[in-house]
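A look at the structure
Spelled out from the first residue to the last, the chains are:
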Amino acid sequence: VCLAKGTPTPGGGSAAAHAGAAAAALVAMVARLTLGKKKYAGVEGRMWEIVETAEALRQDLSGAVARDSAAFESYIAAVRLPKETDEQQAIRAKALEQATLETIQVPLGVSKQAVDVLRLALEVAQTGNINAISDAASGAALARAALTASSLNVRINCPNLADQSSPAVYLEQIRQLESSARALEEKLHQVLAERGSLAF
């Protein structure tokens, strides 16, 4: 992802998705490092499930890098539509509303998946290979960053909706996701202190 070009896309939303994909990759790595070791035989079945889930999340989040850019590009294209006649104004308004919805729904999806990744990162920190506990924590940190960045995109695009009943719904979803993330982080810090002997 080339973020330094000085162009509107890819931007923060794409970066959020990229961070989420990296987080999922770290979760999958820790799960794989747990497989095949006698010490962790009791969680091997679950680790295989985590690998499968984390890989699916990684692939979808990787795809969201391009989807986020495409959504914003569609918005810019809609803004530039002609508006001289009533018909043109109606076409432009419809295109703008649809494009705005995409600029909200793509990062909202990233936000939801980031929390899913964070939840898995906590689990592999709790039960996975102890030698990779800091990698699990790094995955959690990247997932949290993905949530923070993607939620900013939801928040900044909500005011552009013509239907002003929708923003409250999207913003409440973001607040709930952030609340879940805080609870997961608190548990993770406890695991890192108790199981990993990491000082905070």
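The structure reproduced in this document is the subject of the present report. All of these numbers come straight from a predicted model, not from anything done at the bench.

Scoring rules and cut-offs
- Residues numbered from 1 in each chain as written.
- Predicted model: local features only at pLDDT ≥ 70, side-chain atom pairs only at ≥ 80, totals over all residues.
- Heavy atoms only, no water.
- Helix = DSSP H or I, 4+ residues; strand = E, 2+ residues; numbered from the N terminus.
- Buried < 20%, exposed > 50% of the residue type's maximum accessible area, 1.4 Å probe, protein only.
- Expected span 1.5 Å × (residues − 1).
- Axes fitted to C-alpha atoms, helices over the stretch in contact; angles between N-to-C directions.
- Parallel < 35°, antiparallel > 145°, perpendicular 65-115°, else oblique.
- Left-handed = near helix turned anticlockwise from the far one by under 90°.
- Contact = heavy atoms within 4.5 Å.
- Nonpolar A, V, L, I, M, F, W, Y, C, P; charged D, E, K, R; others polar.
- Bend = angle between axes of the 7 residues up to and from the residue.
- Core = buried A, V, L, I, M, F, W, Y, C linked by side-chain atoms within 4.5 Å.
- 1 Å grid on protein atoms, 1.4 Å probe; cavity = no way out; pocket = protein on both sides within 12 Å on 5 of 7 lines; lining within 4 Å.
- Points joined across faces, edges and corners; volume = space filled by probe spheres on them.

Digging into unusual backbone geometry
- The omega angle of the peptide bond from Thr-9 to Pro-10 is -10°, so this bond is cis rather than trans.
- Of note in this structure, Ser-197 is not a glycine but carries a positive phi near 55°.
- Position of Ser-197 among the secondary structure elements: in the segment after α5 (166–194).
- The exposure class of Ser-197 is exposed, given its relative accessible area of 63%.

Here's the deal with the environment of Ala-66
- Tracing the sequence through the fold places Ala-66 in helix α2 (residues 44–79).
- Exposure remark for Ala-66: the relative accessible area of 51% places this residue in the exposed category.
- Taking C-alpha positions, Ala-66 is 7.8 Å from Pro-10, a pair spaced 56 residues apart along the chain.

Brief notes about helix α1 (residues 12–34)
- Across its 23 residues, α1 extends 33 Å between first and last C-alpha, which sits within 8% of the 33 Å expected from 1.5 Å per residue.
- Looking one or two residues past α1, Gly-36 carries a phi angle of roughly 80°, positive in sign.

A closer look at the packing of α1 against helix α3 (residues 86–127)
- For the pair α1 and α3, interaxial distance at closest approach is 9 Å and the crossing angle is 25°. The angle between α1 and α3 places the two elements in the roughly parallel class. The interaxial crossing formed by α1 with α3 has left-handed handedness. Judged by residue contacts, Ala-16, Ala-17, Gly-20, Ala-23, Ala-24, Val-27, Val-30, Ala-31 and Thr-34 of α1 engage Val-110, Val-117, Leu-120, Ala-121, Val-124 and Thr-127 from α3.
- Residue composition of the contact of α1 with α3, grouped by class: twelve nonpolar, three polar and no charged.

Topic: α2
- The terminal C-alpha atoms of α2, which comprises 36 residues, lie 52 Å apart, in line with the 52 Å expected from a rise of 1.5 Å per residue.
- Val-65 marks where α2 bends most, by close to 30°.

Examining the nonpolar core
- Membership of the largest hydrophobic core comes to 51 residues, with the highest contact counts inside it found for Val-27, Ile-50, Val-117, Val-124, Val-154 and Tyr-170.
- Among the elements that line this core, the one with the most residues is α3, at 13 residues.
- When sequence neighbours within four positions are dropped, the list of residues in contact with Val-117 reads Gly-20, Ala-23, Ala-24, Val-27, Leu-57, Leu-61 and Ala-143.

Points about the layout of surface pockets
- Quantified by volume, the largest pocket comes out at close to 180 Å³.
- In terms of lining, the largest pocket is formed by Pro-8, Thr-9, Gly-11, Gly-12, Gly-13, Asp-68, Ala-71, Phe-72, Thr-103, Asn-153, Ile-156 and Asn-157.
- Tallied by class, residues from the lining of the largest pocket come to four nonpolar, seven polar and one charged.

Section: the packing of α2 against α3
- Where α2 meets α3, the closest approach of the two axes is 9 Å, and the angle between their N-to-C directions is 160°. In terms of orientation, α2 and α3 fall into the roughly antiparallel class. In terms of crossing hand, the pair formed by α2 and α3 is left-handed.
- Class assignment for the residues of the contact of α2 with α3 results in 20 nonpolar, six polar and eight charged.

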